[in-house]
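Here are the chains, one letter per residue:
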Amino acid sequence: MPNLPRPRLRRTRELVAPLPPEPQTPHVEEIAAEGLRWIKIDRPGSLEQGWLEENFDFHALDYEDVRSRNQRPKIDIYDDYLFIVLQFPIFDRSARRLGAGELDLFVGADFLITIPNQPLQPVEYLFERCRQKEEIREQLFSRGSGYLLYRLVDDGFDYCFPMLRKIGNKLDVLEEEIFEGHSSQEIVRDISNAKQEIINFRKVIRPQRPVLRDLEKIKQRYLAPDMDLEIYFDDIVDAHERIWDMLENYKEVIEGLEGTNESVISHRLNDILRVLTSISVIVLPLTLLASIWGMNVGVPGEQDMTAFWVIVGAMVVLLVAMVTYFRRRGWL
């Protein structure tokens, strides 16, 4: 009897339920000391905003401003907190141009929340110093949220001065290159880049004047009772004015360099045209003599070597005389 084929039995796979996704935690960093909390939230997303709404009762328009990427500097005053928007110049390495970094701040009696839309070196540096060194943390936090706010703003504007010095060095180099006769095309490009940096810097600094003035008026609400920091906040306003004065000076310098470079280019072009014109005028009578004795009609001295040398000699004498005359007149 033939063997019947055995049916293949399918093995049932065990059904394994997928693991639930791990709960995501908002990226919020916090330092606390002396009854004051400094909360730093970099590039807030939906999780970070949900955390803020859960732990703080801020106005809905403030949350909307935090989500917005194009906010002008301003200060909103509420009964129990301040909402401040500031901007600081930063260099965008990918675009190779100067841009604005926005810093949103919530300031209350016992908290300070900083929300930069991109990493700001002064904020990062001060936060790490407070995190690592207890004496610095106690020194800053014991004076109230207003003093910590002052240090943040002051460090942010102090960070502008090295950038301004770099722009000043670029202008000095440009001035040397203009008078040393470097390639005009490269100089025009460098002048355009420096001018764009100054314009972008001015766009960041100028709108913050009214914010600093308002901040100076209401600063005492968030300072320790025994502190008088009016002179310190005045120093921030003075630093802002010094930055603006330097930018005004650089604006005038770059405009002067641009005009000087155009004058140098025009002068070089005039020199070239003067030389070419002089050569054309000198060669013109020589061409006339050669054309007359080169005509296909009978001319005096035709087929005579003596006449040929006489004509060549006359052309040489005429050439020397015209060059001498042009040199005496300063045209060559």
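Residues numbered from 1 in each chain as written. Predicted model: local features only at pLDDT ≥ 70, side-chain atom pairs only at ≥ 80, totals over all residues. Heavy atoms only, no water.

Trainee: Mind showing me how you'd approach the pattern of salt bridges here?
Mentor: Where side chains of opposite charge bring their charged atoms close, a pairing between them can arise. Overall, the coordinates contain 13 salt bridges when judged by the stated rule. Among the salt bridges present, the one from Glu248 reaches Arg202, with a minimum N-O distance of 2.4 Å. Separated by 46 residues along the polypeptide, Glu248 in helix α9 (residues 230-292) and Arg202 in helix α7 (residues 184-205) bring together distant segments of the chain. On the accessibility criterion, Arg202 (16% relative accessible area) is buried. A salt bridge links Arg209 to Glu241, with the shortest nitrogen-to-oxygen separation between them at 3.9 Å. Within this pair, whereas Arg209 is found in helix α8 (residues 209-218), its partner Glu241 is found in helix α9, the two being separated by 32 residues in sequence. Accessibility expressed as a relative area gives 24% for Glu241, which makes it partly exposed. (Salt bridge = Lys/Arg side-chain N within 4 Å of Asp/Glu carboxyl O. Helix = DSSP H or I, 4+ residues; strand = E, 2+ residues; numbered from the N terminus. Buried < 20%, exposed > 50% of the residue type's maximum accessible area, 1.4 Å probe, protein only.)

Trainee: I would appreciate a short explanation of the confidence of the model for the protein in the present structure.
Mentor: Any residue range with low pLDDT should be treated as having predicted coordinates unsuitable for detailed reading. Taken residue by residue, the protein gives an average pLDDT of 81. The fraction at 70 or more is 85%. Per-element confidence in the protein ranges from a low mean pLDDT of 79 for helix α10 (residues 305-328) to a high of 92 for strand β6 (residues 111-116). The low-confidence segment residues 9-15, where pLDDT is below 50, has zero contacts with residues more than four positions distant or belonging to other chains. (pLDDT = per-residue confidence, 0-100. Contact = heavy atoms within 4.5 Å.)

Trainee: It is not clear to me how the sheet that holds β6 should be interpreted in this structure. Could you clarify?
Mentor: Hydrogen bonding along the main chain pairs the strands of a sheet, whether they run parallel or antiparallel. Read from one edge to the other, the open sheet built from six strands follows the order β1-β2-β6-β5-β4-β3, with strand pairing classed as mixed. The strands lining the two open edges of the sheet, one partner per strand, are β1 (29-33) and β3 (74-77). On average, each strand axis in the sheet is inclined to that of its neighbour by 15°, with strand direction left out of account. One ladder, built from four bridges, connects strand β2 (residues 36-40) with β6; its direction is parallel. Opposite Trp38, over in β6, you have Leu112 as the bridge partner. Helix α2 (residues 60-67) rests against β3, β4 (81-92), β5 (97-108) and β6 of the sheet, and its axis sits at about 155° to β5. On top of the sheet, helix α4 (residues 134-141) reaches β1 and β2; it is set at about 75° to β1, its chief contact. (Pairing = 2+ DSSP bridges. Axes fitted to C-alpha atoms, helices over the stretch in contact; angles between N-to-C directions.)

Trainee: I'm lost on the packing of aromatic side chains in this one. Help?
Mentor: Any aromatic ring pair is given by two values, namely how distant the centres are and how the planes are angled relative to each other. The full count for this structure, using the stated rule, is 13 aromatic pairs. Pairing Phe58 with Phe106 gives two aromatic rings, centres 4.0 Å apart and planes at 5°, and the pair type is stacked. Highlighted residues: Phe58 in the loop between α1 (46-55) and α2 and Phe106 in strand β5, separated in sequence by 48 residues. A centroid spacing of 4.5 Å and a plane angle of 15° characterise the contact between Tyr78 and Tyr81, whose relative ring orientation is stacked. Note on Tyr81: relative accessible area 4%, which makes it buried. What links up through ring pairs into an aromatic cluster is the set Trp51, Phe56, Phe58, Tyr63, Tyr78, Tyr81, Phe83, Phe106 and Phe111. (Phe/Tyr/Trp six-rings, centres within 6.5 Å; stacked < 30°, edge-to-face > 60°.)

Trainee: Hey, could you run me through the environment of Leu86 in this one?
Mentor: Its place among the elements puts Leu86 in strand β4. Judged by its relative accessible area of 2%, Leu86 falls in the buried class. For the pair formed by Leu86 and Gln208, sequence separation is 122 residues and the distance between their alpha carbons is 7.1 Å. Once residues lying within four places of it in the same chain are set aside, the contact partners of Leu86 are Gly101, Glu102, Leu103, Leu105, Val153, Gln208 and Val211.

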